[in-house]
Amino acid sequence: MAVKRRFVAYYRVSTRKQGQSGLGLDAQRAAVTNHLGDGLANVIAEFTEVESGRRNDRPALDEALTAARLHRAALVVAKVDRLTRSVGFLERLLEAGVDVRFADLPAIEGPTGRFMLQQMAAVAELEAGLISARTKAALAAAKARGQRLGGHRGGSLSTDAQARGRDEQSKLADRRAADLAPVLKKLRAKGITSPTEVARALTAQDIPTARGGAKWSAPQVTLIEARLARMQ
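Owing to the predicted nature of the structure, the values given are computational and were not obtained by experimental measurement.

Thresholds, definitions, all that
Residues numbered from 1 in each chain as written. Predicted model: local features only at pLDDT ≥ 70, side-chain atom pairs only at ≥ 80, totals over all residues. Heavy atoms only, no water. Salt bridge = Lys/Arg side-chain N within 4 Å of Asp/Glu carboxyl O. Helix = DSSP H or I, 4+ residues; strand = E, 2+ residues; numbered from the N terminus. Buried < 20%, exposed > 50% of the residue type's maximum accessible area, 1.4 Å probe, protein only. Expected span 1.5 Å × (residues − 1). Arc of directions from axis to C-beta. Axes fitted to C-alpha atoms, helices over the stretch in contact; angles between N-to-C directions. Parallel < 35°, antiparallel > 145°, perpendicular 65-115°, else oblique. Contact = heavy atoms within 4.5 Å. Nonpolar A, V, L, I, M, F, W, Y, C, P; charged D, E, K, R; others polar. Lys, Arg positive; Asp, Glu negative; His and termini not counted. Polar contact = N/O pair within 3.5 Å; in protein donor to acceptor, adjacent residues only side chain to side chain.

**Student:** Help me understand the pattern of salt bridges, please; the structure alone is not making it clear to me.
**Tutor:** Counting across every chain of the model gives four salt bridges. Ionic pairing is found between Arg 29 and Glu 46, a salt bridge with its closest N-O pair at 3.5 Å. Of the two residues, Arg 29 sits in helix H2 (residues 25-35) while Glu 46 sits in strand E2 (residues 41-50), which places them 17 residues apart along the sequence. Take Arg 29: its relative accessible area is 30%, and that puts it in the partly exposed class.

Have a look at this one:
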């Protein structure tokens with residue numbers, strides 16, 4: 001049996017009047033439905049933003065990204081111009097750790113589609129260039145120190161490299177805990193407080209564990225709560 005893919009849908013309208021009337025939302029929902037209409041897609045949540053396209057502070061989008069990370073789902077948007085024309089904001093999306101899909105990108109029609117592809121390509125090219133430059137600089141510095149390069153020589157990562165790796169893993173764990181914090185708060189408000197009860201509730205809500213597992217355990221909940229306590 002094929003596993004359904006998970007998606008979080010994000011819609012945006014430019015004025016509060018449009019948000020209240022639903023003007024434009026039906027078309028966006030239809031575009032998303034058509035894009036995901038293979039029977040193997042499951043939209044687990046929908047978020048609607050009433051904002052100006054020139055603004056970057058979008059609480060509904062933040063909630064949508066959090067939900068997507070929480071459920072290991074992809075974010076799906078009807079049109080690229082429903083997000084932003086800012087490269088900086090696109091970089092923010094790339095750093096959010098969420099797979100973003102655009103219903104109108106498969107056709108890649110018109111200037112909007114080309115513009116989006118160009119911007120995404122530019123960001124990817126910049127990132128690749130920076131990584132390449134850092135790698136070359138590191139190799140040149142190692143060579144200058146007389147370190148032999150190429151092949152596995154039984155060595156290990158430097159202490160600094162190991163520390164950076166641990167720091168990155170810690171940041172990812174902190175973000176995961178922060179995403180779970182509102183869920184845990186709602187469970188506590190319902191009287192669900194013990195790690196065992198919370199684990200059952202998270203499993204029932206189909207929220208994956210940090211490693212993508214389907215079933216939570218009490219020790220995993222305890223670790224999350226301990227991390228949240230340290231972050232306060």
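There is more to say after this.
**Student:** Is there a simple way to think about helix H8 (residues 218-231) in this case?
**Tutor:** Counting along an α-helix, one turn takes 3.6 residues, and residues three or four places apart therefore face a common direction. For H8, spanning 14 residues, the distance from its first C-alpha to its last is 20 Å, which sits close to the expected 20 Å at 1.5 Å a residue. Turning to H8, its buried residues number three or more, namely Val 221, Ile 224 and Leu 228. Buried residues of H8 fall within an arc of 60° about the axis and therefore sit on the same side. Set apart from the buried face of H8 by more than 90 degrees, the exposed residues are Pro 219, Leu 223 and Arg 230.

**Student:** It is not clear to me how helix H3 (residues 59-70) should be interpreted in this structure. Could you clarify?
**Tutor:** The terminal C-alpha atoms of H3 lie 16 Å apart, and with 12 residues this matches the ideal 16 Å at 1.5 Å per residue to within 8%. By the burial criterion, the buried members of H3 are Ala 60, Leu 61, Ala 64, Leu 65, Ala 67, Ala 68, Arg 69 and Leu 70. Taken from the residues just after H3, Arg 72 is the one with a positive phi, measuring 55°.

**Student:** Just to check I follow, could you spell out unusual backbone geometry for this structure?
**Tutor:** Keep in mind that most residues, glycine aside, have a negative phi and that most peptide bonds are trans. At Arg 72, a residue that is not glycine, the phi angle is positive and equals roughly 55°. Relative to the helices and strands, Arg 72 is located in the loop between H3 and strand E3 (74-77). Take Arg 72: its relative accessible area is 42%, and that puts it in the partly exposed class. At Asp 206, a residue that is not glycine, the phi angle is positive and equals roughly 65°.

**Student:** How do you make sense of the environment of Met 231 when you look at a structure like this?
**Tutor:** By secondary structure assignment, the location of Met 231 is in helix H8. Once the C-alpha coordinates of Met 231 and Ala 178 are considered, the two residues, 53 residues apart in sequence, prove to be 8.9 Å apart.

**Student:** Quick question: what am I supposed to make of the environment of Val 77 here?
**Tutor:** One can find Val 77 in strand E3. The class for Val 77 is buried, based on a relative accessible area of 0%. For the pair formed by Val 77 and Arg 12, sequence separation is 65 residues and the distance between their alpha carbons is 8.9 Å.

**Student:** What should I look at first to understand the packing of helix H7 (residues 195-204) against H8 in this one?
**Tutor:** In helix packing, the relevant descriptors are the interaxial angle and the interaxial distance, both defined with respect to the helix axes. Packing of H7 against H8 leaves a shortest axis separation of 8 Å and a crossing angle of 100°. Taken together, the axes of H7 and H8 lie roughly perpendicular to each other. Here H7 contributes Pro 195, Thr 196, Val 198, Ala 199 and Leu 202 to the contact with H8, which in turn contributes Ala 218, Val 221 and Thr 222. Considered class by class, the residues forming the contact of H7 with H8 number six nonpolar, two polar and no charged.

**Student:** Explain the side chain of Arg 176 to me, please; I cannot follow it from the model alone.
**Tutor:** Among the secondary structure elements, Arg 176 is positioned in helix H6 (residues 159-189). The charged side chain of Arg 176 is buried without a salt bridge, its nearest counter-charge being Asp 179 at 5.3 Å. One polar contact links the side chain of Arg 176 to the main-chain carbonyl oxygen of Arg 69, over a distance of 2.9 Å. Here Arg 176 is in contact with Arg 69, Leu 70, Arg 72, Ile 207, Pro 208, Thr 209, Ala 210 and Trp 216, once residues within four sequence places are set aside.

Function-wise, these values are silent; they only describe arrangement.
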